[in-house]
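# Coordinate analysis (summary)
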Amino acid sequence: MVRPANWPALQRLNQVRAPRRMAIGRELKIPLAWMPQVATVAEVVFVHGQVALNGAGGGGQSPDRALAMGDRLKASDVIRTAADSSATLRFADGSRLLVAAGSEIRIEQLLSVGRPALPAVRLDLQRGSTEAQVAPAPPGRRFEVNTPALNLGVRGTDFRTRVDAEGTQTRLEVLSGRVQTLAGDA
């Protein structure tokens with residue numbers, strides 16, 4: 001959140017000793033947590049077969065319903081695809097995600113951060129597979145796919161992710177670009 005009282009911390013972070021003599025055009029680092037954050041949505045652009053949406057985060061508080069083209073998804077929504085079924089989502093920056101047959105994915109975060117707006121997308125793939133086409137973006141933008149075994153962070157990348165039925169193994173195939181991996185919670 002932007003707070004004028006944060007100036008001493010900003011000064012320390014950027015090692016500015018004399019703020020009244022700072023050079024014009026000097027770049028400053030501002031923590032993402034201090035930037036304005038606005039919730040965004042993902043749009044369903046394609047549905048094939050039986051695809052269910054649980055809008056209560058899969059906690060059983062809301063019954064599943066059929067996902068339809070044009071639906072707008074928000075953080076905490078869970079998508080489940082049956083055999084021979086799939087869905088494609090489009091995010092605010094134009095990135096796309098194909099949720100393949102036999103998959104379950106939870107949308108953890110859909111935000112627009114700062115000005116200019118940088119997308120922050122975090123997905124949790126519990127089982128099955130996805131294929132993502134992530135639009136190139138400037139530094140600070142986040143697109144993450146987390147699995148029980150790995151956390152994947154990407155920029156301007158086409159990749160596939162698959163989690164086995166037990167949730168113990170994750171397979172990653174990078175088609176173009178780069179993917180950063182970190183050990184997951186498992």
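Residue numbering note: each chain is counted from 1, following its sequence as written. Whole-chain, interface and lining totals are the exception, using all residues; otherwise, since this is a predicted model, local features are given only for residues with pLDDT of at least 70 and side-chain atom pairs are given and counted only at 80 or more. To get the side-chain values, take all heavy atoms of the structure and skip hydrogens and water.

## Some words on unusual backbone geometry
So the rule is basically this: For the purposes of this entry, the term helix denotes a DSSP run of H or I that reaches at least four residues, the term strand denotes a run of E that reaches at least two, and both are numbered from the N terminus. Three labels apply to residues, based on accessible area from a 1.4 Å probe with only protein chains included: buried if under 20% of the type maximum, exposed if over 50%, partly exposed otherwise in between.
Phi angles above zero are rare outside glycine, and serine 76 is one such case at about 90°. Its place among the elements puts serine 76 in the loop between strand S5 (72-73) and strand S6 (78-81). Overall, serine 76 belongs to the partly exposed group, its relative accessible area being 22%. With a phi angle near 60°, aspartate 84 is a residue other than glycine that sits in the positive phi range. Summarising the element assignment, aspartate 84 is placed in the loop between S6 and strand S7 (86-90). Overall, aspartate 84 belongs to the exposed group, its relative accessible area being 67%.

## Thoughts on the environment of leucine 111
Stated precisely, the cut-off is as follows: Here, residues are in contact when the closest pair of their heavy atoms is within 4.5 Å.
Summarising the element assignment, leucine 111 is placed in strand S9 (residues 104-113). On the basis of relative accessibility, which here comes to 17%, the residue leucine 111 falls in the buried class. Separated by 11 residues in the primary sequence, leucine 111 and arginine 122 have C-alpha atoms spaced 9.1 Å apart. In this structure leucine 111 touches Gln37, Val38, Ala39, Thr40, Leu118, Pro119 and Ala120, once residues within four positions along its chain are discounted.

## A few points about the side chain of asparagine 146
Summarising the element assignment, asparagine 146 is placed in strand S11 (residues 142-146). With sequence-adjacent residues up to four places away left out, asparagine 146 is seen in contact with Arg122, Leu123, Asp124, Leu125, Asn151 and Leu152.

## Remarks on the pairing of strand S3 (residues 51-54)
For clarity, the cut-off: Two strands qualify as a pair provided that DSSP identifies no fewer than 2 bridges between them.
Both faces of S3 are covered, namely the face carrying Val51 and Leu53 and the face carrying Ala52 and Asn54. Pairing geometry for S3 and S6, over 4 bridges, is antiparallel. Bridged to asparagine 54 within S6 is valine 78. Note that S3 and strand S4 (residues 65-66) share 2 bridges and pair antiparallel. The residue of S4 that forms the bridge with alanine 52 is alanine 66.

## Quick word on the packing of aromatic side chains
Aromatic ring pairs: the centre-centre distance and the angle between the two ring planes describe each pair. Operational definition: We call Phe, Tyr and Trp rings a pair once their centres come within 6.5 Å, taking the six-membered ring for Trp, and we label the pair stacked below 30 degrees between planes, edge-to-face above 60, and tilted otherwise.
One pass over the structure, following the stated rule, counts 1 aromatic pair. When the centroid spacing of 5.6 Å and the interplanar angle of 85° are considered together, the rings of phenylalanine 91 and phenylalanine 143 count as edge-to-face. Of this pair, phenylalanine 91 sits in the loop between S7 and strand S8 (96-99) while phenylalanine 143 sits in strand S11; the two residues are 52 residues apart in sequence, bridging distant segments of the chain. Residues phenylalanine 91 and phenylalanine 143 agree in their burial class; the two are buried.

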